[in-house]
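Inside the fold
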Amino acid sequence: MSIPKSHYFEARPEVPSRPRTVHLRLPDMDLKLQSDRGVFGSKGLDLGTLVLLREGPAPPAQGEILDLGSGYGPIAVALARRAPGARVWAVDVNERAVELARANAAASQAPNVTAATPGQVPADAQFDAIYSNPPVRVGKAPLHRLLLDWLPRLKPGGVAYLVVQRNLGSDSLAAWLAEQGFAVARLKSKKGYRLLEVRPKP
Ligand SMILES: C[S@@+](CC[C@H](N)C(=O)[O-])C[C@H]1O[C@@H](n2cnc3c(N)ncnc32)[C@H](O)[C@@H]1O
């Protein structure tokens, strides 16, 4: 019998569902979220996600915020609770993850989350802020394509915060983003992760 292979960034993971509760503990909230096999972070909250949510700047109080690669939604839900007047897009290619993000938002009193696959986001949507623990494991070229698809959708004056493990190429990603014409700053370096601030150059 062959064991189905599955990556967390597949549109429809082949591995059978096995729901699991993940505890999101932050200074300002304590939430139980549902994750699942075939979804990134099915075994517990990712350390990079925790660094982004603990160390990252507060979201804008209003406007449109994107959680790029939202998985089961820990970043989107936390941002939505911190900014109830903003709309937070939780966007992921993995349909199982999108369903979980939607259910987690509903169960966490975060009605301002819109969970969607990339194709469901209106082509003209623009964002005041993007937060992301990006999918570095998809490979360099797909990761670069993903960032070049979404970062240009920041509004003028908008800002992106990316958390990337130092061992998985955060510094070369920062250098590449600067080469693409973005203003990049390293905001924090914590627990092996870099928190990058990325702004379109005026
Ligand atoms: C490192 S995980 C972070 C997940 C979640 N934000 C968290 O903190 O637990 C990156 C996510 O990006 C998603 N992803 C991969 N390729 C993508 C793409 N082209 N567009 C949108 N999301 C993508 C993966 O499915 C995965 O859920």
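Analysis parameters
Residues numbered from 1 in each chain as written. Predicted model: local features only at pLDDT ≥ 70, side-chain atom pairs only at ≥ 80, totals over all residues. Helix = DSSP H or I, 4+ residues; strand = E, 2+ residues; numbered from the N terminus. Rg over C-alpha atoms; globule rule 2.2 N^0.38 Å. Contact = placed C-beta atoms within 7 Å. Pairing = 2+ DSSP bridges. Axes fitted to C-alpha atoms, helices over the stretch in contact; angles between N-to-C directions. Near = placed C-beta within 6 Å. Nonpolar A, V, L, I, M, F, W, Y, C, P; charged D, E, K, R; others polar. Buried ≥ 20, exposed ≤ 12 C-beta atoms within 10 Å, placed from the backbone. Arc of directions from axis to C-beta. Parallel < 35°, antiparallel > 145°, perpendicular 65-115°, else oblique. Left-handed = near helix turned anticlockwise from the far one by under 90°. Core = buried A, V, L, I, M, F, W, Y, C linked by C-beta atoms within 7 Å.

Attention shifts here to the overall build of the protein chain. For the protein chain, the helix and strand inventory stands at 5 helices and 9 strands. Listed by position from the N terminus, the elements making up the protein chain come as β-β-α-β-α-β-α-β-β-α-β-α-β-β. Its C-alpha radius of gyration of 16 Å places the protein chain within 12% of the 17 Å reference for a compact globule of 202 residues. In terms of overall dimensions, the protein chain has C-alpha extents of about 55 × 40 × 35 Å along its principal axes. When contacts within the protein chain are restricted to residue pairs at least 6 apart in sequence, those whose partners lie at least 24 apart make up 65%.

Let us now look at the sheet that holds strand S8 (residues 182-190). Within the open sheet, the 7 strands sit side by side as S5-S4-S3-S6-S7-S9-S8. Their pairing is mixed. Of all the strands in the sheet, the pair left with one neighbour each is strand S5 (113-116) and S8. The average undirected angle you get between the axes of adjacent strands in this sheet is 20°. Of the strand pairs in this sheet, strand S4 (residues 86-91) and S5 are connected by 4 bridges, and their pairing is parallel. Residue pairing in the sheet places Ala 90 in a bridge with Ala 115 of S5. Here helix H5 (residues 170-179) sits on the sheet and contacts strand S7 (154-165), S8 and strand S9 (193-200); the angle it forms with S8, its principal contact strand, is near 160°.

Moving on to the site of the ligand. Taken together, 21 residues lie near the ligand, and Phe 9, Thr 49, Gly 69, Gly 71 and Pro 135 sit nearest. Here the shell around the ligand is composed, by residue class, of 12 nonpolar, 7 polar and 2 charged.

In this section: H5. Within the span of H5, buried status applies to Ser 170, Leu 173, Ala 174 and Leu 177. Buried residues of H5, viewed axially, fall in a sector of 100°; they line one side. Away from its buried face, by an angle of more than 90 degrees, H5 presents the exposed residues Asp 171, Ser 172, Ala 175 and Glu 179. Lining the buried residues of H5 we find S7, S8 and S9. Gly 181 occupies a position one or two residues after H5 and carries a positive phi of about 100°.

Turning next to the packing of helix H2 (residues 74-82) against helix H3 (residues 95-107). Close contact between H2 and H3 brings their axes to 9 Å; oriented N to C, the two are set at 30°. Classed by the angle they form, the pair H2 and H3 counts as roughly parallel. You can see that H2 and H3 cross each other, and the crossing is right-handed. Seen from H2, the contacting residues are Ala 76, Val 77 and Ala 80; seen from H3, they are Ala 101, Asn 104 and Ala 105. Residue classes in the contact of H2 with H3 are distributed as 5 nonpolar, 1 polar and no charged.

Ile 65, Ala 76, Leu 79, Ala 80, Ala 101, Val 113 and Ile 130 are the most contacted members of the largest nonpolar core, which totals 53 residues. In this view, Ile 65 contacts Pro 59, Pro 60, Leu 79, Ala 83, Ala 86, Arg 87, Val 88, Trp 89, Phe 127, Asp 128, Ala 129 and Tyr 131; residues no more than four positions away in its chain are not counted.

Among all positions of helix H1 (residues 47-55), only Gly 48, Thr 49, Val 51, Leu 52 and Leu 53 are buried. Those residues of H1 that are buried are in contact with strand S1 (20-26), H2, strand S6 (127-132), S7, S8 and S9.

Following both chains from N to C, one finds H1 and H2 inclined at 15°, their axes separated by 10 Å at the closest point. Regarding the angle of H1 to H2, the classification is roughly parallel. The crossing of H1 and H2 is right-handed. Residues Thr 49, Leu 52 and Leu 53 of H1 touch H2, and the partners they reach there are Pro 74, Ile 75 and Ala 78. For the contact of H1 with H2, the per-class residue count stands at 5 nonpolar, 1 polar and no charged.

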